[in-house]
Amino acid sequence: MFRTARWIIVVCCAFISATLPRAHGATAESEVDFIRDVKPILAKRCFACHGPNDSEAGLQLHNAEIATGELDSGEIAVVPGDPDASALLYRVTETDEDLRMPPEGDPLTEREVGVLQAWIEQGAEWKDHWAFQPREPVEPPEVQDAGWVKNPIDAFVLARLEQAGLSPAPPAGKRTLIRRLYFDLIGLPPTPEEVEAFVADNSPQAYERLVDRLLASERYGERWARHWLDVVRFAETNSYERDGPKPNAWKYRDYVIRSFNSDKPYDQFLREQLAGDELDEVTRETIIATGFYRLGRWDDEPADRLLAKYDEFDDIVTVVGQGMLGLTVNCARCHDHKIDPIPQADYYRLLAFFRDLGGHGDGSRFTDKHSQVDISPPEIRALYAGHEARVDNVKARMREIEQTGIARMPAEDQRASEGLDRPRVLSERLPEFLNEEETAKYEALKAERDSLKQARKKLPPREMALGVTHCFVEPPRTHILLRGMPRSEGDAVIPGYPAIFKQSDPVIPPPAEDATTARRRQVLADWITSDSNMLTPRVAVNRVWQHHFGRGIVRSANNFGELGTPPTHPLLLDCLANDFVAGGWKLKRLHRLMVTSNTYRMSSAARDEALAVDPNNDLFWRFNPRRLSAEEIRDAILAVNGRLNLKMYGPGFYPQISEEVLAAQSMPGKGWGGSSPHEQARRSVYIHVKRSLITPLLEAFDFPETDSSCEARFNTTQPQQAFALLHGDFINAQAAAFADRLAREAEGKEAQVTRALELAMSRPPDHDYVQRSLALMDRLQSEHGLSEEAALRLICLSVYNLNEFIFLD
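K.L.:
Quick one: what's the story with the overall build of the protein chain, residue by residue and with numbers?
P.N.:
Secondary structure assignment for the protein chain yields 36 helices and seven strands. Counting over 809 residues, the protein chain shows a buried share of 54%. Here the contacts in the protein chain between residues at least 6 apart in sequence split such that 71% fall between residues at least 24 apart. Roughly 36200 Å² of accessible area belongs to the protein chain as shown, and the carbon and sulfur atoms make up 51% of that amount. Between the mean site of the 97 positive side-chain charges and the mean site of the 124 negative ones, the protein chain shows a separation of 5 Å.

Set out below in C-alpha cells:
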C-alpha cells in the first residue's frame, strides 16, 4: 500500500493538514474518542485489508504497535501527534483513484477524514472496544435542571440533552401514559373505566401504584415472555420440508411466562435454560427450561449428517452468543472473526461446552429418546420403570430361545436374522427349529409380552417435556474444523471462554460415578451469569430498555461487537447494568426504574428545533411513538370487542387459516389442527407456531423469522397490512362481534359510536369525529341500502383501522 517516497508523503500530508476542512465535532479542541468516533470508520472502511484477518503491506490498523511502527515500505501509517507525517491521511485523501484508499467504494467523507486527523493530532490513542472493557462504577452526572431528574436515568439523559442545547419534551397526559403503560407492560389496552379511574386519582402515588399493579398482573408474563421467545427463535416445529412437530414445546413457552410473572432473577432464568439438568437442585421446572436446546431447526434427512450435527451446535452457539452475550461468536466458525478479536479457536472452545448434548432425533424421527424427558411424579416414574424392567426381562428370555432356534437354521437364514429380515425369519422359520418344550416356553413368553402391552395402557399417563436427554458423560473431543468443514479436523481444544474476557480456562469437575452429563454446561452457565461478566447484564438491560423506549441504548441488541451500533448513552448503560446486578438481577425492579423515570413519561410530540439537531431522537428528547406489535394488535382487537379469552398456559391453539394458505405448504394442511372459536380468542402468545405456516395476520405485522434469533422486529408499513385489517375473515368477524357488544352496552347510534371510540382509543372521542361517523352510517344506510346493524359493523371495522388504535404515543 505505502510505496511512495517518504519525503513526498510528508510534503503532501503537510499540504492536506493545512487545507483540509475540519468536520464538526472533530477539532483539536473537541476530544475524539477512539471507540466512538475512530474505530467505526476503520472497521467499516479499512479492516477488510488492514485489520485482524489481513495485513496488506504489513499494516493492521486494529493493532497500535503495528500501525505506529515502520511498514514494509518504510513509511509509518500513524504518527501520534503528527498528522503531517502520517501516511494514512495522505492515502485516504489521494485524488488519484489508483493510489487512494480504500481502493474500492466511495472515498472517505470530509467528516471521516476530519475525525482521523483530529484523532492523530490528539495523540492517536487506541482503546479496547467499549463492550470488551469491564463495567466500572458510574455516578449520575450533574445537570443544570436538577428539578427534572426523578431518578438516575433522567440525569444521564438530561446531561446529554443539555450538552446538545436541547430540552426534554413536556410530560405526556395521563390518558396517554396509562395506555402506554398498559401496552408496554401487559400488551393490552386499558378499559375506559380504568382510564377514567386513573385520570380521577390525584394522589401523588397514583402513577407508581398503576405501575405496580400492572407488574403484578399475570398478563405481564404473557407480554414479556414473547420478547424472550423472539430471542431464542421459539417455534413448535422443526422446519425443512416436513416441518414435523416438537412435542411439548409449549411447556417451554409456559415456563418463560411463569418465570417472568414470578420475577425469577434473570441470572437464574439463564442458568436453568443452559444447565437445568445439571444444577445442584434439578426440578420439573429446570428440566422444562432445557427445552431451550431443542427449539432450533432440525433436518430429518440431511445430505450430510455430520455437517447437520455441527449446524445444530452452531445454532446453539449463535443463540447463546448473540442472545445472552451480545457477541457474534458464530462468525468465527470457519475462520477468525473478521472484525471482533474472536479467533476461530474461541468458537470451538465455546462449542465444546455443549458437546455432551445428543442430537434432536434418531435418523428421520424426532424421538422421545432424544427430545422428551419424563417429568412425572416419582411414583409414576417408578411404575413405568418396573413395568419396563418386566418387559425387558421377557424380551431377553424370548431372544435367548430365538437365538437357540436360529443357531439350528441354515446359514442363509442366520444371516437374514441379523438384519431387517429378522421378523420374517422368526415368524416363518423359527417354529420348525424349536423343540416342543422350547415352543411352549416361547408361546408363553409371547402371551406374557402381549399381556404387558395391555397392562401398560392402564398405567397412569406420564408427563413428558421437550428437553435435554441422552447426554454424554464423557463427550467426544472437540477440534477446530478447518474452514468449518467437519471432516477437516485441526487442533483439539478444551472448553473455554472467549479471549476478550481475559479469563483463565475453566475447571471442569470430573463426572461422578452416577453422572448422566458432563456438567460442562453448568460451568458455562455460572460464568455467563456471574456478577462480574462484562456483557450479560449490559445485554439484558439493553433489551428491556429497547422495548420501553423504542430502541436499545445499543441499537444492535444482538451485537455489542465492533460492527454493532455504539451505545448512545454508554454510562447510562453501565449504570443500569450495575444496578441490575446489585438488585439481584430482578427484571420487575428494572421495569419500575425505567417506566417511572421522567424520560419515559415524556410526550412524543415533535419540535422543529429538536428535529433539526437530533432527527433520530438519539438523545431521547421525546418519547418514541411506535406501532403496536402483531400480537398487541390482535389481542387489542379481541379485548375491545369483549371476546378475549384470558385462559393461560397449555397447548397452543390453531387460528382459522384459509384453504388457499394451507395449500401453499409442501404437505398441504398437515400439522395444522382445529380449535374452537372460544380457544381461538386466546391471547396471541398461545398461537401454535409452525415454522412453515406463520399465522397470516401476525406475519403481515412483522412477526419474526423463527429460524434465527430476532434482536428487534421490523416495523414496516405495507399493503398486506391494510388487506388484513379491511378484508380478512378474522377482522370482519371481530368487527361483527364488536358491533354486537356495542348493541348490548349502548342504546342508540351516537352512544354506540362513542362507546366504540372510547374502547379503541382509551379516551373520550372528539365530538366532530363522532358526528362524521354517524354521517357515514347514515350514508351506508341511505345510499347503499345497508341495515343499521350492517352499518355499525362497518363503523367498527373502520375503528379497528384508526391510526390511534394501531399506534402508541
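On we go from here.
K.L.:
Explain the nonpolar core to me, and be specific about the residues and the numbers.
P.N.:
In terms of nonpolar packing, the biggest core is built from 196 residues, with Trp228 and Tyr252 touching the most fellow members. If one sorts the elements of this core by residue count, helix α15 (residues 305-325) sits on top with eight residues. Core analysis: the second largest hydrophobic core is formed by 15 residues, Val391, Ile406, Met409 and Leu426 among them.

K.L.:
How would you summarise the pattern of salt bridges if you had to cite specific residues and measurements?
P.N.:
Applying the stated criterion to the full structure yields 65 salt bridges. The residue Arg209 makes a salt bridge to Asp201 at a minimum N-O spacing of 2.7 Å. Judged by its relative accessible area of 42%, Arg209 is partly exposed. Of the charged contacts in the structure, one is a salt bridge between Lys264 and Glu272, with a shortest N-O distance of 2.7 Å.

K.L.:
So what about the domain arrangement of the protein chain? Which residues, and what values?
P.N.:
Looking at the assigned domains, one finds that the protein chain contains domain 1 (34-126), domain 2 (265-364 + 473-530), domain 3 (376-462) and domain 4 (727-808). Between the C-alpha centres of domain 3 and domain 4 the distance comes to 69 Å.

K.L.:
With reference to specific residues and values, describe the packing of helix α8 (residues 174-186) against helix α9 (residues 192-200).
P.N.:
Remark: α8 packs on α9, axes separated minimally by 9 Å, with the N-to-C direction vectors making an angle of 125 degrees. One element, α8, and the other, α9, form an angle in the oblique class. Between α8 and α9 lies a crossing of right-handed hand. Across the interface between the two elements, Lys174, Arg175, Ile178 and Tyr182 from α8 touch Glu194, Val195, Glu196, Phe198 and Val199 from α9. Here the residues of the contact of α8 with α9 are counted per class, giving five nonpolar, no polar and four charged.

K.L.:
An account of the packing of aromatic side chains is needed here, citing residue identities and associated values.
P.N.:
Under the definition given, this model contains 30 aromatic pairs. A network of ring pairs unites the aromatic residues Tyr220, Trp228, Phe234, Tyr252, Tyr255, Phe260, Tyr266, Phe269, Phe580 and Trp585 as a single cluster. Over the aromatic face of Phe198 sits the side chain of Lys174, whose NZ or CZ is 4.6 Å from the ring centroid. In this structure, Arg180 is placed above the aromatic ring of Tyr600, and the distance from its NZ or CZ to the ring centre is 5.6 Å.

K.L.:
A description of unusual backbone geometry should follow, citing residues and the corresponding values.
P.N.:
Note the cis peptide between Met101 and Pro102, where omega equals 0 degrees. Checked against the element boundaries, Pro102 lands in the loop between α5 (87-93) and α6 (110-121). Phi angles above zero are rare outside glycine, and Ala57 is one such case at about 60 degrees. Structurally, the position occupied by Ala57 is in the loop between β1 (54-55) and α4 (64-67). In this structure Ala57 comes out as buried when scored by relative accessible area, which is 19%. Phi at Ser762 takes a positive value of approximately 60 degrees, unusual for a residue other than glycine.

K.L.:
How would you explain the confidence of the model for the protein chain if you had to name every residue and give the values?
P.N.:
Confidence in the prediction for the protein chain averages 92 pLDDT; 95% of positions are at 70 or higher. Taken as a whole, residues 1-29 scores under 50 in pLDDT and shows 59 contacts with residues more than four places along the chain or in a different chain.

K.L.:
With reference to specific residues and values, describe helix α27 (residues 630-640).
P.N.:
Within α27, ten of the eleven residues are buried, which leaves the element mostly enclosed by the surrounding structure. Taken together, the buried positions of α27 are Ala630, Glu631, Glu632, Ile633, Arg634, Asp635, Ala636, Ile637, Leu638 and Val640. Positive phi appears at Gly642, one or two residues downstream of α27, with a value of about 85 degrees.

K.L.:
Give me the environment of Pro570: which residues, what numbers.
P.N.:
Checked against the element boundaries, Pro570 lands in helix α24 (residues 570-582). Take Pro570: its relative accessible area is 39%, and that puts it in the partly exposed class. Separated by 17 residues in sequence, Pro570 and Ile553 have C-alpha atoms that sit 7.6 Å apart.

K.L.:
Go over helix α12 (residues 249-261), please, and point to the residues and values.
P.N.:
Taking 1.5 Å per residue, 13 residues should reach 18 Å; α12 reaches 19 Å between its end C-alpha atoms and fits that length. Within α12, eleven of the 13 residues are buried, which leaves the element mostly enclosed by the surrounding structure. Here α12 has its buried residues at Ala249, Lys251, Tyr252, Arg253, Asp254, Tyr255, Val256, Ile257, Ser259, Phe260 and Asn261. Buried positions along α12 lie against α11 (218-231), α13 (266-275), α14 (284-289), β3 (464-466) and α25 (587-595).

About the thresholds
- Residues numbered from 1 in each chain as written.
- Predicted model: local features only at pLDDT ≥ 70, side-chain atom pairs only at ≥ 80, totals over all residues.
- Heavy atoms only, no water.
- Helix = DSSP H or I, 4+ residues; strand = E, 2+ residues; numbered from the N terminus.
- Buried < 20%, exposed > 50% of the residue type's maximum accessible area, 1.4 Å probe, protein only.
- Contact = heavy atoms within 4.5 Å.
- Areas by Shrake-Rupley, 256 points an atom, 1.4 Å probe, with all protein chains shown as cover.
- Lys, Arg positive; Asp, Glu negative; His and termini not counted.
- Charge placed at Lys NZ, Arg CZ, Asp CG, Glu CD.
- Core = buried A, V, L, I, M, F, W, Y, C linked by side-chain atoms within 4.5 Å.
- Salt bridge = Lys/Arg side-chain N within 4 Å of Asp/Glu carboxyl O.
- Domains from an automatic or database assignment.
- Axes fitted to C-alpha atoms, helices over the stretch in contact; angles between N-to-C directions.
- Parallel < 35°, antiparallel > 145°, perpendicular 65-115°, else oblique.
- Left-handed = near helix turned anticlockwise from the far one by under 90°.
- Nonpolar A, V, L, I, M, F, W, Y, C, P; charged D, E, K, R; others polar.
- Phe/Tyr/Trp six-rings, centres within 6.5 Å; stacked < 30°, edge-to-face > 60°.
- Lys NZ or Arg CZ within 6 Å of the ring centre and 35° of its normal.
- pLDDT = per-residue confidence, 0-100.
- Expected span 1.5 Å × (residues − 1).

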